[in-house]
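An overview of the molecular structure
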Amino acid sequence: MNLKKIMDEVYEIDLVNASDEELMEINKEMGLALSLEEMKKMQAFFRSLGRNPTDLEIHAIAQGWSEHCSYKSSKPVLRKYIFGIESKEAMIVMQDDAGVVEFDENYAYVFKIESHNHPSAVEPYGGAATGVGGIIRDVLNMGAKPIALVDPLFFAPPDYGEKLNPGIKHPRYLLNGVVAGIRDYGNRVGIPTVAGITYFHEDYVNNILVNAGCLGIVRKDKIVRSRVDKEGVKLVMVGGRTGRDGIHGVNFASKILDEKSEEEKQAVQLGNPILKEPLIHLVLEANEMGIIYGMKDLGGGGLGSVVGEMCHAGGVGAEIHLDQVLLKEKDMAPWEIWVSESQERMLLAVEEENIDKLQDLCKKWDVEMSVIGETKNDENLRIFWKGRKILDMPLEFVTAGVEYERKYKTKRMKKMQEILPEPKYREVFLRLLSSYNIASKEWIIRQYDHEVQGRTVVKPMQGLIGYETHGDAAVIKPLHHSWKGLAVTTVANPHIAKINPYYGSLYTVDEAVRNLVSVGAKPHAFSDGLNFGNPEEEEIMGEFVESCKGLGDAARALGIPYVSGNVSFYNEAFGKNIPPTVVLMAIGIVNDIRKAVTADFKREGNTIYLVGETKEEMGGSEYYRIMDAKSTVVPKVDLEETKNRSEEILKAMDESLVESCHDVSNGGLAVALAEMALGGSIGAEIDLSSLGAMRDDFKLFSESPTRWVCEVREENSEEFEEIVKSKRIGVVGGETLKIRDGERWLFNVHLNIMRERWKNALKEYIG
Amino acid sequence: MLKLVVVVKFKEGIDDPEGKSITHSLNLLGFENVKRVNVAKQYEIFVDADISKGREIGEKIVKKLLVNPVIHDYELRVEEI
Amino acid sequence: MKVAILQMEGTNCEEESYIAFKESGFEPEYLHINLLKKGMLENYDMIFVPGGFSSGDYVRAGAIFAARLKAKVWKDLKRFVEEGKPVMGVCNGFQVLIELGLLPGTDGISEEPEAALATNESNRFECRWVYLKKFSDTIFSKHVGDKITLPVAHAEGRFLADKKTIEKIEEQNQVVFRYIAPDGSRPDYPWNPNGSVNDIAALVNSYGNVFGIMPHPERAFFWYQHPDWNRVKRERGDGWQIFNSLFREIIEAKNR
């Protein structure tokens, strides 16, 4: 690599005269993670300018073109399937850092889910904490007050016994580290963590997934855009200082993990919740005063991508003086400052006359700020360092980046379903209750403060105090003066998606709807977290395309928009890709929280109904997994049914006819009933004969979609039956869960035995 | 320049859940002969002062912030660097 | 009656506390420690230290907040307490009052902490609902029912003190609330969520005007904040009773 020092810490790189080989050498030495094609595009650009670039210019382009910033592999697919689902209430969709949707006449809610996978695999505690910190900023910079966090996590089983690849850490260590990271960050910033997933699958052994989502609330007239459309507006950095931590995080995120990843710890940033907490106050107060013209958080890509995207979106240029940036350590090169992903930083666009007011606020909250530049009336980005111009390029070239129509191949599995000899039902039932994907996650949930802010009116754990069960969704009451609520849930079904990504997506959308309806919420908007392997492999790209197609078809049919999202590719290590993992953060509207419903059985003598059809489709089910039985017959969703059943149940809830409600998912009907019984600490007697002619293991353990269990008072049962298409399957009461099919008893298990199995399965690993 | 090293640990007889939890984890990891783990916190404080004043400053810092005498013991070392 | 809700970086329960005071008939005001100056506390009738993670709970929960208050306004604070004005701390606020030496305050005010809120026996942060029984009538508890339920959310809540101090606390009837099992009996984990000595959840000083409580009354102020609201009908949350007690014992008493 030929370079020439042009001033302190700044070099000119000979790109114009480089051969292909030399281009890739530059790529490697500078850690750019670009392809030859991209390097050549860059070369052509500078040839057209007739000059060589500075190191800063090359880094800036590499940052802008990284998968993480440019979505170069995913954008064409997303545009085709995910974007543009019509919704009257969606206000800002897939443009800024988080989606904005109407809540009521005066308020909007803001939310997004994002991944923080690779850093968490290398340094679970810091990586997870930073993931939480980043997603909070995404919501905050829309001017919204963050009011809830969610965190879907994916690991190999905690008792994983195979030999680990070099540099790969044991899932148990990773699980504990990630939970501690989320706990210590989320609890400290004072935002309740109200929902999440802890999912186990062997294929995450080399590459765990840590997704984090945040929900906020904002008055409509206080929404801030991540853009500036006017010249002469000052660009101000607020919050943490800039350091060498997190340099090249985005390139790291777009790279495959290997044994060297451990050494790349500098790509993991360390968050500081105690800096974030006053930063939240400061930003919200400044916004209330109306002095923020535009705002964007510094996340993946650092200052470079933030300045670029903010100005490009508003159609202005910018002039930046990098020596004005406050640093953690001396002697940082300009390119390092430009791409650093140090945490707790925000870029505010503020008009000159308001700078003093911002300064006063910063003093009160003990937060540092620095004016680093201003917007200009042209298309170029210009960067100065100690008075000398060291970058001058059109923003369009750096920010709009590149895009690929990647080749893909759709894998079709042959349809087959193994039929097992009829099992011992009691034994299978108890094994399911203690299987890791079903067992109680209370050990994790209670380490997160889900009560702070006092807005959580339906909790993540629901039921009699001390006996709570997993709820389907939490409900937040965002406004003091209104009974209207927001339900929050997260869903993912990698086991099904691994067999068929298209149906996996349909099932996941259906489950999101199920969860929201269970608490009495009308499904309203989604944020999609798409986690996949290496998109350069055609089959992986095929999984991605099929997943997106499924997400699009399902949401379009139901009229629910995706308003924000995130794609994480390259979740691959040592030749193993993760299963296609579509995570949805779903928000529903609860018109009156006084009518919200929980999952726990309430009262002896109440009638139990099953809503929806049970079918012999066992592919991806927990039952087949623990029995080691094979099936590629995955559950199929009839979206018309999803729509009709949801509307019926919501109507019955609106008329206060439903005492408790729980969706049927992992482990099937038997597990759903058990969870309801455990939460209420009261048993039930069930007769499955109304489910029709089918073997009892299918009736008990099938995970067919669009099903709920509802508890109804006897005096309301007639009215309920008129509204909701359902089958009466039993009665609440006793201290055991008794299940029969007509004359034949399948099992009778005491609550204490069920609780013991369910509650203690994960205790040893996380307790 | 002085370096004050303060080690804060639990008083004898005060239950240390972190130490207990680490003991348990080590036992689970196969170190069955680990009987007890004590956890202490070490602060390294760099002070621009004369060595003769070191201990006095150190004691003040400890009393003002680092130790709750109900549960903690501490050691203070003063080094010149 | 003006209530100063103290803030510093990391306090995070100030908003729900503000609402609780406001709805109970007080005039709450936020007071950030960075803006706090000598003589300022005189303008208030009550001091409230809210929950959170002041300064990240680094060093020890509440220690930095306490040290900074001491450095800035220790004399004012002592005078405030000696004049009999109420001071209340919840969760991290309780930890701050202990670190200040205002609680347990068996002999008024002590210059050094007499007790500690140490790491939970479970060695982890836990957020759960607990049952409390009232053991002493004070201005903070007079109009509170015998048994209430409130949420805890902390990693350091295990009340510890030496034997003599504990004896004195008990002798002087300073324990305001203890954790109990749902049937009213002495609790095991998780009903005593942190392993507190004598199941102590809340204390008052010997003067009766400084009150610290580990569970969060401000998070159980409205009925719908309770986890069992669709099982148990309440007009208001159990935590409201504490704020209402204060209101009736101070504001109403003044007007009588």
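For the structure itself, look to the data block above.
Conventions we followed
- Residues numbered from 1 in each chain as written.
- Chains lettered and ligands numbered in written order.
- Predicted model: local features only at pLDDT ≥ 70, side-chain atom pairs only at ≥ 80, totals over all residues.
- Helix = DSSP H or I, 4+ residues; strand = E, 2+ residues; numbered from the N terminus.
- Rg over C-alpha atoms; globule rule 2.2 N^0.38 Å.
- Buried ≥ 20, exposed ≤ 12 C-beta atoms within 10 Å, placed from the backbone.
- Contact = placed C-beta atoms within 7 Å.
- Axes fitted to C-alpha atoms, helices over the stretch in contact; angles between N-to-C directions.
- Parallel < 35°, antiparallel > 145°, perpendicular 65-115°, else oblique.
- Nonpolar A, V, L, I, M, F, W, Y, C, P; charged D, E, K, R; others polar.
- Right-handed = clockwise from strand over helix to strand, strands pointing away.
- Expected span 1.5 Å × (residues − 1).
- Arc of directions from axis to C-beta.
- Pairing = 2+ DSSP bridges.

What follows is about the overall build of chain A. Counting its regular elements, chain A contains 26 helices and 32 strands. Its C-alpha radius of gyration of 27 Å places chain A within 12% of the 27 Å reference for a compact globule of 767 residues. Within chain A, the proportion of its 767 residues that are buried is 63%. Counting contacts in chain A only where the partners sit at least 6 residues apart, residues at least 24 apart contribute 83% of the total.

Moving on to the packing of helix 18 (residues 501-518) of chain A against helix 21 (residues 639-654) of chain A. Residue and element names in this part refer to chain A. Running from amino to carboxyl end, helix 18 crosses helix 21 at an angle of 5 degrees, the nearest separation of the two axes being 10 Å. Regarding the angle of helix 18 to helix 21, the classification is roughly parallel. Note on element contacts: helix 21 touches helix 18 through Thr642, Ser646, Ile649 and Leu650, opposite Asp510, Val513 and Val517. The class makeup of the residues in the contact of helix 18 with helix 21 is four nonpolar, two polar and one charged.

Right, let's get into the pairing of strand 21 (residues 522-531) of chain A. Counted residue by residue, strand 21 of chain A has nine buried out of ten residues, so it is predominantly covered. Each parallel crossover has a hand, and for strand 21 of chain A linked through helix 19 (residues 538-558) of chain A to strand 22 (residues 562-568) of chain A it is right-handed.

Residues and elements named next belong to chain A. The end-to-end C-alpha distance of helix 21 is 22 Å, a good match for the 22 Å that 16 residues give at a rise of 1.5 Å each. Taken as a whole, helix 21 has its buried residues at Thr642, Arg645, Ser646, Ile649, Leu650, Ala652 and Met653. Seen from one end, helix 21 has its buried residues packed into an arc of 160 degrees, which puts them on one side. Exposed residues pointing more than 90 degrees away from the buried face of helix 21 are listed as Glu640 and Lys651.

Of the residues lining the interface, 33 residues belong to chain C; the matching set on chain A comes to 30 residues. For the side of chain C that touches chain A, the elements supplying multiple residues, two or more each, are helix 1 (14-23), strand 6 (126-134) and strand 7 (147-154) of chain C. Per element, the largest residue contribution to the side of chain C that touches chain A is four residues, and it comes from strand 6 of chain C. A per-class count over the side of chain C that touches chain A returns 13 nonpolar, ten polar and ten charged.

What follows is about the arrangement of the chains. Here the protein chains form two pairs of chains in contact, of which the pair with the most contacts is chains A and C. Spatially, chain A and chain B are disjoint, and the shortest separation between their C-alpha atoms is 10 Å.

Before going further, it helps to spend a moment on the sheet that holds strand 4 (residues 99-102) of chain A. Residues and elements named next belong to chain A. A sheet is described by the order of its strands in space; here six strands give the open sequence 3-4-5-8-6-7, paired in mixed fashion. The open sheet has two edge strands with one neighbour each: strand 3 (90-92) and strand 7 (193-200). Ignoring which end each strand starts from, the neighbouring axes of this sheet average 20 degrees apart. Bridge count for strand 3 against strand 4 is two bridges, and the pairing is antiparallel.

Working note: α-helix, 3.6 residues per turn, so residues spaced by three or four point in the same direction. Residue and element names in this part refer to chain A. Helix length check: helix 11 (residues 302-314), at 13 residues, gives a terminal C-alpha distance of 19 Å against a target of 18 Å (1.5 Å per residue), a fit within 8%. Judged by how many residues are buried, helix 11 sits mostly within the fold: twelve of 13 residues are covered. Burial in helix 11 covers these residues: Gly302, Leu303, Gly304, Ser305, Val306, Val307, Gly308, Glu309, Met310, Cys311, His312 and Gly314. Gly315 sits one or two residues past helix 11 and shows a positive phi near 75 degrees.

Right, let's talk about the packing of helix 1 (residues 20-29) of chain A against helix 2 (residues 36-49) of chain A for a bit. For any two helices packed against each other, the geometry is given by the interaxial angle and the distance between the axes. Residue and element names in this part refer to chain A. Running from N to C, helix 1 and helix 2 point in directions that differ by 100 degrees, and their axes come no closer than 10 Å. Classified by the interaxial angle, the pair formed by helix 1 and helix 2 is roughly perpendicular. Along its contact with helix 1, which presents Asp20, Leu23, Met24 and Asn27, the element helix 2 presents Leu36, Met39, Lys40 and Gln43. Residue classes in the contact of helix 1 with helix 2 are distributed as four nonpolar, two polar and two charged.

Turning our eyes to something else, we now look at the environment of Ile251 of chain C. Residues and elements named next belong to chain C. As for its position among the elements, Ile251 is in helix 5 (residues 240-255). Assessed through the 15 C-beta atoms surrounding it within 10 Å, Ile251 is described here as partly exposed. Apart from the residues lying within four places of it in its own chain, the contact partners of Ile251 are Met1 and Gly25.

Another aspect to go through is the interface of chain B and chain C. Taken residue by residue, the interface counts twelve residues in chain B and 20 residues in chain C. Looking at the side of chain B that touches chain C, the elements with two or more residues in it are helix 1 (17-28) and helix 2 (51-66) of chain B. For the side of chain B that touches chain C, the element with the most residues is helix 1 of chain B, which contributes four residues. Split by residue class, the side of chain B that touches chain C holds six nonpolar, two polar and four charged.

The next subject is the pairing of strand 15 (residues 388-394) of chain A. All names here are of chain A. Of the pairings in the sheet, the one linking strand 14 (residues 380-385) to strand 15 comprises six bridges and is antiparallel in character. If you follow Trp385 over to strand 15, its bridge partner there is Arg388. What sits between the antiparallel neighbours strand 14 and strand 15 is a turn of two residues, in which Lys386 has the positive phi angle 50 degrees.

Residue Pro104 of chain C follows Leu103 of chain C across a cis peptide bond; omega there is -5 degrees. Counting through the fold element by element, Pro104 of chain C comes out in the loop between helix 3 (92-100) and strand 5 (115-119). Cis geometry is adopted by the peptide bond preceding Pro190 of chain C, which originates at Tyr189 of chain C and carries an omega value of 5 degrees. Within the secondary structure, Pro190 of chain C is located in the loop between strand 9 (175-180) and strand 10 (200-204). Of note in the backbone geometry, Phe574 of chain A takes a positive phi value of approximately 50 degrees without being a glycine. Turning to its location among the elements, Phe574 of chain A is positioned in the loop between strand 23 (572-573) and strand 24 (576-577). The backbone of Cys91 of chain C shows a phi angle near 60 degrees, a positive value even though the residue is not glycine. Tracing the chain through its elements places Cys91 of chain C in the loop between strand 4 (87-90) and helix 3.

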